[in-house]
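Single-letter residue listing:
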Amino acid sequence: MSLKRLLYGSIAPRGWLFEEATRNLKGLVGELDDLVPGIIRDDEIYGRDRLTGSVKSKDLGTVAQDQEWEVQYLWWNSESQSNWLDGLIRHAYLVGNDEYIDKAKKYLRRVLMAQDDDGYIGIYAGDLRFDFKGENGELWAQATFLRAALGYYELTGESEVLERVMKAFDLTMKAYSERNPFDLEKAYAGASHGLAFTDVCHGLFGLTGDKKYLRFAGRLVDFYNRARLSEEDIREDNLLDYAYRFKGHGVHTYEGLRSLIIASMPDGRYNRAIEAYLHRLNFVTTPSGAPIGDEWIGGRSADATETGYEFCSIQELLHSYLTLLETTGDLRWADRAEWLYYNAAHGAVNPRKSQIAYCKSDNSYAMNGHVGGMGSENDLRYKYSPVHQDVAVCCAPNAGRVLPYFTGSMYMKSRHGLLVALYGPSRVETSIDGIDIALEQITSYPFDLNIELLVTTAVRSNFTILLKKPSWVEKMKVEANGAKVEDCVDSIAVSKDWKDDRILIEFTGRITERLDLKGDVYYSYGPLLYAMEIESAEKPGRLYGKGFEDNLFLPEDRSFLELCATEKTLESLAVSNDKHSRDFIDPPLMRGKFLDRSSGEEKTVFLKPIGSTILRKTTFQKNVRL
């Protein structure tokens, strides 16, 4: 049973989510164009600065390595600009900030006004477009911008924008009606990223219902399977090979899942490959839900200390989970999306500054340029920055897409009624059978497991509200005066003649001890993963102005390495019942007893939600004797 996603703009964050969106907008999401003007503002790569055959290099401020693959630098600015614009548009309208709405409109219009008469929107001049023998960013540059433009259309309803997107799409579909865009020599990330053009196919199908968009998505995936590119994890023959392990660039692997899903929508042609993909996914995700992506998977299994994850990988997997939820109606993917968002995504953000980690690990013992913080300062990705220009300006723009993509899928329609798929403070306005309705979650979830769901209708109307039953819940209590309440296995159905009503939802969970792939233990309560915060010293780095800077973080000492769990730890753990805890800056705490192996003594340790930490110890070896 598939679900129907509502238009962006129908759903708005409230409470702590709204405050976070506002901080994001006033931070790197809204100001990135001023922090790196040469990449975002000055290079009109979709217009006057389109790439021609005579352009051989670009200075992006990245530390060069004099490698053949650096030909990718030519198209990188298109990704940076369009993913940033996508997040900016959605944040600005969700928050309702006119200053940033105007900024978003300016950048969107700059590209739309450069559209050629034949409909072309892209980064190549006439001597190159649609005619490549090697690495290029044609489809990728189009996909990232057209995604942003479709988001703008959903938020504003401006028909001209949709018409321009459809015209651009038709030109590209015609160009690749027979020619395989992936049949290339010496192609790298850009060509493989181009498969994400299927996102545009999915978006246009959702808006128009025209199956030609899904057929073209299927054609692109078929073309990809016939070609030999550097990114092979989503090839059908590899997925159906029992011995094959994911090895590619993580971001490609996790965004590629969506392409398989979208291509399969009409006829299920890649369903077996998707099933095989999802089986493998269990072996490359860490306790926080984050997938290996530092940058390559390399045939490894997830390790909380040794395998890191790129912020882009988190966003792409989140987007793929939400697409799975929409296309299958399976609420397992809603649980996966919640876990990934509330843990891995927030765990890679500095909760007190506008900075993200380009790469992060669940056990993060230092952010000094090495995974886990156990090595020397040799990897620029392991730090906190609003930009990460010395590596690549890709994760910072993508960070702006996480919150709006998550909130945009919190409510969906099913044939049975309106589904509350994801929990958190939010409001949805939509219609059922022509009647305007609104739902609003009054809650501090996931920090508080009680929700008051307000239901408002224009006129009294009978319909069903479906409430997802989280996989971690032990008991879910639902109360609504005069309503029929039914347990539907993975959801609770609440039906009545609604007008101005409320539903009270109370989740009962328990502190859970889980095993990771190494056999170490970690602890969760409800939808939150808890970790021990490590006291750190902050080392300043590059200053960008406006209060934006890079930082390294080093542990005050390494005594935390001696801590382990025992048979008594789980029963000793308790979560503070502090009603004032309402976000990742002021979170609830978990307290319990752990063993200090160096002294042989028990110690009381406080754990926080992983999204409240910078340096942390998340997994613990378990000593069965105390």
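Cut-offs used in this document
- Residues numbered from 1 in each chain as written.
- Predicted model: local features only at pLDDT ≥ 70, side-chain atom pairs only at ≥ 80, totals over all residues.
- Heavy atoms only, no water.
- Helix = DSSP H or I, 4+ residues; strand = E, 2+ residues; numbered from the N terminus.
- Contact = heavy atoms within 4.5 Å.
- Lys, Arg positive; Asp, Glu negative; His and termini not counted.
- Charge placed at Lys NZ, Arg CZ, Asp CG, Glu CD.
- Core = buried A, V, L, I, M, F, W, Y, C linked by side-chain atoms within 4.5 Å.
- Buried < 20%, exposed > 50% of the residue type's maximum accessible area, 1.4 Å probe, protein only.
- Salt bridge = Lys/Arg side-chain N within 4 Å of Asp/Glu carboxyl O.
- Expected span 1.5 Å × (residues − 1).
- Polar contact = N/O pair within 3.5 Å; in protein donor to acceptor, adjacent residues only side chain to side chain.

Help me out: how do you make sense of the overall build of the protein in this one?
Summing up its helical and strand segments, the protein has 17 helices and 25 strands in all. Here the analysis covers contacts within the protein between residues at least 6 apart in sequence; of these, 69% occur between residues at least 24 apart. Each charge sign in the protein was given a centre, from 77 positive and 93 negative side chains, and these centres are 2 Å apart.

Help me understand the nonpolar core in this model?
In terms of nonpolar packing, the biggest core is built from 202 residues, with Phe145, Phe197, Ile465, Leu467, Ile503 and Phe507 touching the most fellow members. Among the elements that make up this core, the one with the highest residue count is helix H6 (residues 138-156) (twelve residues). Discounting chain neighbours no more than four positions away, the residues touching Ile465 are Leu418, Val420, Leu439, Leu453, Val455, Ile492, Ala493, Val494, Trp498 and Ile503. Counting five residues, the second largest nonpolar core, distinct from the first, contains Trp339, Tyr522, Leu529 and Ala531.

How should I be thinking about the pattern of salt bridges in this particular structure?
Opposite charge on two side chains lets them pair, provided their charged atoms get close. Enumeration according to the criterion identifies 51 salt bridges in this entry. The partner of Glu44 in a salt bridge is Arg110, with the nearest N and O atoms 4.0 Å apart. Here Arg110 lies in helix H5 (residues 98-112) and Glu44 lies in the loop between helix H3 (37-40) and helix H4 (73-95), a separation of 66 residues in the sequence. Taking relative accessible area as the criterion, Arg110 reaches 23% and is therefore assigned partly exposed.

Can you walk me through H5 in this structure?
Each α-helix winds once per 3.6 residues, and so residues spaced three or four apart point in a common direction. Relative to the 21 Å expected for 15 residues at 1.5 Å per residue, H5 spans 21 Å between its end C-alpha atoms, a close match to the ideal helical length. Tucked into the core, H5 has its buried residues touching helix H1 (15-26), helix H2 (28-35), H3, H4, H6 and helix H7 (159-175). Two to three positions downstream of the cap, the backbone nitrogen of Glu99 sits 3.0 Å from a side-chain oxygen, assigning the N-cap of H5 to Asn97.

What am I meant to see in the environment of Tyr445 here?
Turning to its location among the elements, Tyr445 is positioned in the loop between strand E10 (435-442) and strand E11 (450-468). Judged by relative accessible area, which is 0%, Tyr445 ranks as buried. Sequence spacing of Tyr445 and Tyr100 is 345 residues, and the spatial spacing of their C-alpha atoms is 28 Å. Setting aside its immediate chain neighbours within four residues, Tyr445 contacts Trp16, Glu338, Tyr342, Tyr423, Gly424, Pro425, Ile451, Trp472, Phe507 and Pro527.

What am I meant to see in the environment of Ala574 here?
Topologically, Ala574 is positioned in strand E21 (residues 574-575). The partly exposed category is assigned to Ala574, whose relative accessible area is 41%. Between the alpha carbons of Ala574 and Ile511 there is a distance of 7.6 Å; along the sequence they are 63 residues apart. When near neighbours in sequence (up to four residues on either side) are disregarded, Ala574 contacts Ile511, Leu589, Met590 and Arg591.

Sorry, what's going on with the side chain of Ser320 here?
For Ser320, the position within the fold is in helix H14 (residues 311-328). Look past the residues within four positions of Ser320 in its chain and what remains in contact with it is Tyr254, Glu255, Leu257, Arg258 and Ile261.

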